[in-house]
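Breakdown of the fold
Next come the chains, spelled out residue by residue.
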Amino acid sequence: MYSSMAPFSKTTLDINKLYVSSNYPNKIPDEGEAASEKQEESLPSKQSSDVSVREESDTDPNQSDEAEAETSPTKSPTTPKSIKCKNSSDFSLFSYNNGVVMPSCRELDSTRSALSAASAFAIATAGANEGTPTKEKYRRMSLASAGFPTDQRNGDKEFVIRRAATNRVLNVLRHWVSKHSQDFETNEELKFRVISFLEEVIHDPELLTQERKAAANIIRTLTQEDPGDNQITLEEVVQMAEGVKAEPFENHSALEIAEQLTLLDHLVFKKIPYEEFFGQGWMKLEKNERTPYIMKNTKHFNDVSNLIASEILRNEEINARVSSIEKWVAVADICRCLHNYNAVLEITSSLNRSAIFRLKKTWLKVSKQTKALIDKLQKLVSSEGRFKNLREALKNCDPPCVPYLGMYLTDLAFIEEGTPNYTEDGLVNFSKMRMISHIIREIRQFQQTSYKIEHQPKVTQYLLDQTFVMDEETLYEASLRIEPKLPS
Amino acid sequence: MSETYDFLFKFLVIGSAGTGKSCLLHQFIENKFKQDSNHTIGVEFGSKVVNVGGKTVKLQIWDTAGQERFRSVTRSYYRGAAGALLVYDITSRETYNALTNWLTDARTLASPNIVIILCGNKKDLDADREVTFLEASRFAQENELMFLETSALTGENVEEAFLKCARTILNKIESGKGRDLGLLGFFWGFGGFWGGLGGVLDGFWGSPVP
């Protein structure tokens, strides 16, 4: 349904925005998926407003003007001006929209407040404004106004439209401000404009009290000082590790390492802003400019993986290597319990590297229990069946959690490359956009909940210390030195 | 799954980012997401059953696109692969120069006998070509690779690349060299980590692991 609307957003931008950002998401069902998955409860509205957010940031200046026109009776007594200036080719689109709105309107009527019905009505009628009224439209109009007090109901179309429009605009803003606060944190100009627009709304005597209240609430959300989670930042952790001589592996317990690694992994993961996930920037030549935080994430992953391999290989003595392996596996298992699947993969993939994997004598001495545990952990994060076990685990786990970013990057690469941005008719391919937003939403969900793990500088110093970490080649050389190749 | 097949080959698609690996795969599988369906990325995506010389072969194709930078992870994908498409972009010298590294990875991390076909992708962009057919085919010859130029856009040579690779593997098996190659994909699935390790420890890959 949405896909049929989106392409028109250029010409009917305001209306579409109003329409798609309804806060009655389930009333505009996308039969295919709305009901099926639990986190999708409010999916249609979220997704569509993700899109409208993008649109708005582009068209913001007009936005406030139009909204003003719609809410101020002195300026636009009959029709919102944005609707007036449509060229004739738009009307067929609107009648299509009408068809879409109709069923939801019916449902609204039975279950929801009259205001939402009014919104739907407003959209339906707005577009067809210049055409001759049809029976259908009158039917809908009466439906819509049913919930209003009698004195306002007398076919006061303008009143209804204005209420609906105000309601929609405020809903878009409320959703935007509460769900995507990142946008405002990084863009002072945008924040300023939204606040001044809302202030106008608050001081508009023509508006209903509840509308002005709603606007005031949005401002409050927007200007609220981020209480923060008082969590240490990555920068602070890194800074504390600089220039310090780290204590060796033996000085930290498996539990300490698992916890601090989890803290670190999550700090690195949660920093990735969502726009880095668009357009496969991390696979492009200018990846460091376009997706610095994804790059930091992968670098961190590789650094930790190298650290683990180096830690094992720097033990000349075989029993020391064995206990090092066993301890790292214990760390991995604790990480699994902490839902840090990223670290499970950091550790198991280290053990899988040729430099470690080939240490025949060492592996013979590793205990059966440890081997069984490795097997179990490997199965969990195996890429087999497109990470089916890991996906299952993620689905069932409550945050906090650190997922393996690579899985999502592959998903995004698949979607981006396998699906066109536009349909054959030149319309925006909404199925594709929905798939992408799906993935990003899942990532964000895991980014938002932080671990309550107390930072222990002595452990993170060890984890971030790169002084004894070897690169791929050196690792392999070390491996060959410790256990030379047998003549075949 | 009720589908039957005589052989299961694990294939890799490797090469630098941006060479069109995923496009090749999409083109081959012909499983482009339909615009209007709510397609999620299915578990079975990335496999296709083909007919090679009268035998049905299921090709399970592993594509690490997007994950390339997680080096230690992507390297572990090599284990158990019977064939690989090594992809470069004919309009990018950089991707061609990287081939040696990819090849070393493939030969050391997979079986040394892995069957590799070199694919010069984006054949349709001949005007922007930076790598000639001749030098690439010489490189292929020196390194005992098969070679084709492909276009994921038009589909030219895409199916051929996969089939050619599969045919070669099958020939090796049927001529008795299969033990070296070991139908690794097959046994790997049952053997898991330790099964694979057992193979390494015994000095050859071919032994099936219970």
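Not measured: the values here are computed from a predicted model.

Some remarks on the overall build of chain A
- Per the secondary structure count, chain A includes 26 helices and zero strands.
- Looking at chain A residue by residue over its 488 residues, the buried ones come to 55%.
- For chain A, the share of sequence-separated contacts (at least 6 apart) that also reach a separation of at least 24 residues comes to 75%.
- Looking at chain A as shown, the accessible area adds up to about 22,200 Å², and 52% of this sits on carbon and sulfur atoms.

Let's talk about helix H26 (residues 472–482) of chain A
Residues and elements named next belong to chain A.
- Turning to H26, its buried residues are Leu475, Ala478, Ser479 and Ile482. Each buried residue of H26 lies within a common arc of 100 degrees when the element is viewed along its axis, so the set occupies one face. Of the exposed residues in H26, the ones pointing more than 90 degrees away from its buried face are Glu473 and Arg481.
- Residues of H26 that are buried sit in contact with helix H16 (292–313), helix H17 (318–337) and helix H19 (354–357).

Examining the sheet that holds strand S6 (residues 146–149) of chain B
Residue and element names in this part refer to chain B.
- Overall, mixed pairing links the six strands, which are arranged S2-S3-S1-S4-S5-S6 in an open sheet. Because the sheet does not close on itself, it has two edges, and the strands there are strand S2 (47–52) and S6. Within this sheet the neighbouring strands show an average axis-to-axis angle of 25 degrees, counted without direction.
- Pairing between strand S4 (residues 83–89) and strand S5 (residues 115–121): seven bridges, direction parallel. Paired with Leu86 across the strands is Leu118, a residue of S5.
- Along the sheet face, helix H4 (residues 99–109) touches strand S1 (7–14), S4 and S5 and points at about 170 degrees away from the line of S4.

Let's talk about the packing of aromatic side chains
- Applying the stated rule across the entire model yields 15 aromatic pairs over all chains.
- For the pair Phe28 of chain B and Phe162 of chain B, a centre-to-centre distance of 3.9 Å together with 10 degrees between the ring planes defines the contact as stacked. Here Phe162 of chain B lies in helix H6 (residues 158–181) and Phe28 of chain B lies in helix H1 (residues 21–29), a separation of 134 residues in the sequence.
- An aromatic cluster is present here, built from Phe301, Phe387 and Tyr404 of chain A together with Phe70 of chain B joined pairwise through their rings.
- Residue placement shows Arg314 of chain A over the ring face of Phe468 of chain A; its charged tip is 4.0 Å from the ring centre.
- The aromatic ring of Phe414 of chain A is capped on one face by Arg386 of chain A, whose charged end is 4.0 Å from the ring centroid.

Here we look at unusual backbone geometry
- A cis amide bond links Pro399 of chain A to the next residue, Pro400 of chain A, at an omega of 5 degrees.
- Tracing the sequence through the fold places Pro400 of chain A in the loop between helix H22 (384–396) and helix H23 (405–418).
- At Phe387 of chain A, a position not held by glycine, the phi torsion is positive, near 60 degrees.
- Overall, Phe387 of chain A belongs to the buried group, its relative accessible area being 5%.
- For Asn157 of chain B, which is not a glycine, the phi torsion comes out positive at approximately 65 degrees.
- On the secondary structure map, Asn157 of chain B appears in the loop between S6 and H6.

Digging into the pattern of salt bridges
- Overall, the coordinates contain 23 salt bridges over all chains when judged by the stated rule.
- Shared partners join several salt bridges into a network, and the residues in it are Arg353 and Glu472 of chain A together with Arg71, Arg75 and Asp105 of chain B.

Describing the confidence of the model for chain A
Residues and elements named next belong to chain A.
- The predicted model of chain A has a mean per-residue pLDDT of 75, with 67% of residues at 70 or higher.
- Note that residues 120–134 has pLDDT below 50 and, in this model, 35 contacts with residues that lie over four places away or in other chains.
- Note that pLDDT drops below 50 for residues 136–146; the model gives that stretch 24 contacts with residues more than four away or on any other chain.

A word on the nonpolar core
- Ranked by internal contacts, the top residues of the largest apolar core, which has 112 residues, are Phe277, Trp328, Tyr404 and Leu463 of chain A together with Leu86, Tyr88 and Leu118 of chain B.
- Core analysis: the second largest hydrophobic core is formed by 32 residues, Phe414 of chain A together with Leu59, Val158 and Ile173 of chain B among them.

The rules we used
- Residues numbered from 1 in each chain as written.
- Chains lettered and ligands numbered in written order.
- Predicted model: local features only at pLDDT ≥ 70, side-chain atom pairs only at ≥ 80, totals over all residues.
- Heavy atoms only, no water.
- Helix = DSSP H or I, 4+ residues; strand = E, 2+ residues; numbered from the N terminus.
- Buried < 20%, exposed > 50% of the residue type's maximum accessible area, 1.4 Å probe, protein only.
- Contact = heavy atoms within 4.5 Å.
- Areas by Shrake-Rupley, 256 points an atom, 1.4 Å probe, with all protein chains shown as cover.
- Arc of directions from axis to C-beta.
- Pairing = 2+ DSSP bridges.
- Axes fitted to C-alpha atoms, helices over the stretch in contact; angles between N-to-C directions.
- Phe/Tyr/Trp six-rings, centres within 6.5 Å; stacked < 30°, edge-to-face > 60°.
- Lys NZ or Arg CZ within 6 Å of the ring centre and 35° of its normal.
- Salt bridge = Lys/Arg side-chain N within 4 Å of Asp/Glu carboxyl O.
- pLDDT = per-residue confidence, 0-100.
- Core = buried A, V, L, I, M, F, W, Y, C linked by side-chain atoms within 4.5 Å.

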